[in-house]
Amino acid sequence: MICPICRCGHTRPGFASVTLERDSTTLLFKNVPAQVCDNCGEEFIDETASTNLLNTAEAAVRDGVQVELRHYAAA
Ligand SMILES: [Zn+2]
């Protein structure tokens, strides 16, 4: 698709790193499936992936995780 941010680049399938912070929990996810703009580098996380990340973050908050690096794994 055409990048909605810069409006001249095209997005291509790739991977992004995502940081989620909530209360005292910080999670860094690597290898999250995303569409990446070849012009401005903006990353658009897939909807299923972002839902999955939020669920994982909720669980981490409940477990009292403070800082963690995880590799994204499709549920
Ligand atoms: Zn762009």
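Coordinates for the structure precede this section.
Summarised in this report is the structure supplied together with it.

**A look at the nonpolar core**
- Of all hydrophobic cores here, the largest spans seven residues; its members are Ala-16, Leu-27, Phe-29, Val-32, Ala-34, Ala-57 and Tyr-72.
- By residue number, the principal contributor to this core is strand S2 (residues 25-37), which donates four residues.
- If sequence neighbours within four positions are ignored, Ala-34 has contacts with Gly-14, Phe-15, Ala-16, Glu-43, Phe-44, Ile-45 and Asp-46.

**Points about the environment of Lys-30**
- Inspection of the secondary structure puts Lys-30 in strand S2.
- Classification of Lys-30 as exposed rests on a count of 12 C-beta atoms within 10 Å.
- Between the alpha carbons of Lys-30 and Ser-50 there is a distance of 13 Å; along the sequence they are 20 residues apart.
- When neighbours within four sequence positions are excluded, Lys-30 is seen to be in contact with Ser-17, Leu-69, His-71 and Tyr-72.

**Thoughts on unusual backbone geometry**
- In the Ramachandran plot, Arg-7 falls in the positive-phi region, its phi being about 65° despite a non-glycine side chain.
- Along the polypeptide, Arg-7 turns up in the segment before strand S1 (11-22).
- Overall, Arg-7 belongs to the exposed group, with 9 C-beta atoms counted inside 10 Å.

**As for the environment of Thr-19**
- Tracing the sequence through the fold places Thr-19 in strand S1.
- Along the chain, Thr-19 and Glu-68 lie 49 residues apart, while their C-alpha atoms are 10.0 Å from each other.

**Description of the pairing of S2**
- Examined bridge by bridge, S1 and S2 share 11 bridges and lie antiparallel to one another. Bridge pairing in S2 places Phe-15 opposite Pro-33.
- Counted along the chain from S1 to the antiparallel partner S2, the turn is two residues long, and its residue Asp-23 has a positive phi close to 50°.
- Summarising the sheet, S2 and strand S4 (residues 67-71) pair through five bridges and their orientation is parallel. Its bridge partner being in S4, Thr-26 is matched across the sheet by Val-67.

So, how was this worked out
- Residues numbered from 1 in each chain as written.
- Predicted model: local features only at pLDDT ≥ 70, side-chain atom pairs only at ≥ 80, totals over all residues.
- Core = buried A, V, L, I, M, F, W, Y, C linked by C-beta atoms within 7 Å.
- Buried ≥ 20, exposed ≤ 12 C-beta atoms within 10 Å, placed from the backbone.
- Helix = DSSP H or I, 4+ residues; strand = E, 2+ residues; numbered from the N terminus.
- Contact = placed C-beta atoms within 7 Å.
- Pairing = 2+ DSSP bridges.

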